[in-house]
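Results of the structural survey
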Amino acid sequence: HASSSSSSSSSSNSVVDKHLASISRDLMKRFIIGLCPLLDRLDLDSCSQLSHRHHPRGLELLHNLRYLALSNTGITALPSSAIKGLGGKLERLEVMHCEELRALPENIGQLQAL
């Protein structure tokens with residue numbers, strides 16, 4: 001019975017560890033989302049993670065963003081939802097050397113401070 005007790009114990013520890021990791025991820029996500037409205041500068045220049053498969057997400061949460069650098073990335077598009085969320089505060093958008101970028105969203109004109 002001792003071996004079944006120890007295997008049961010390690011199994012429950014594994015479940016607890018997974019649960020704690022999930023809680024930690026959730027808390028970190030909430031913390032980051034809570035800070036997003038405060039962010040006014042985001043420099044993703046040369047970020048190799050941005051590509052045709054991985055577009056910048058969550059930009060619509062950055063209501064105070066004034067500077068956004070996406071140069072030298074593989075992005076193919078900028079989501080129109082990002083433009084809506086950025087409102088009129090964005091002053092500088094850098095997309096130099098984005099060879100895969102085909103077009104900017106139709107609502108880019110909504111960025112009055114640009």
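Coordinates for the structure precede this section.
This text gives an overview of the structure that appears in the document. (Residues numbered from 1 in each chain as written. Predicted model: local features only at pLDDT ≥ 70, side-chain atom pairs only at ≥ 80, totals over all residues. Heavy atoms only, no water.)

So, about the overall build of the protein. Broken down by element type, the protein carries 2 helices and 3 strands. Across the protein, helices and strands are ordered from the amino to the carboxyl terminus as α-β-β-α-β. Relative to its full complement of 114 residues, the protein shows a buried share of 25%. For the protein, restricting intrachain contacts to residue pairs at least 6 apart in sequence, the fraction spanning at least 24 positions comes to 64%. When the accessible area of the protein is evaluated, it comes to approximately 7800 Å², of which 55% is carbon and sulfur surface. (Helix = DSSP H or I, 4+ residues; strand = E, 2+ residues; numbered from the N terminus. Buried < 20%, exposed > 50% of the residue type's maximum accessible area, 1.4 Å probe, protein only. Contact = heavy atoms within 4.5 Å. Areas by Shrake-Rupley, 256 points an atom, 1.4 Å probe, with all protein chains shown as cover.)

Moving on to the side chain of Ser71. On the secondary structure map, Ser71 appears in the loop between strand S2 (67-69) and helix H2 (80-86). The exposure class assigned to Ser71 is buried, which follows from its relative accessible area of 1%. Side-chain polar atoms of Ser71 contact the backbone nitrogen of Met96, separated by 3.0 Å. With sequence-adjacent residues up to four places away left out, Ser71 is seen in contact with Leu44, Asp45, Ser46, Glu94, Val95, Met96 and Cys98. (Polar contact = N/O pair within 3.5 Å; in protein donor to acceptor, adjacent residues only side chain to side chain.)

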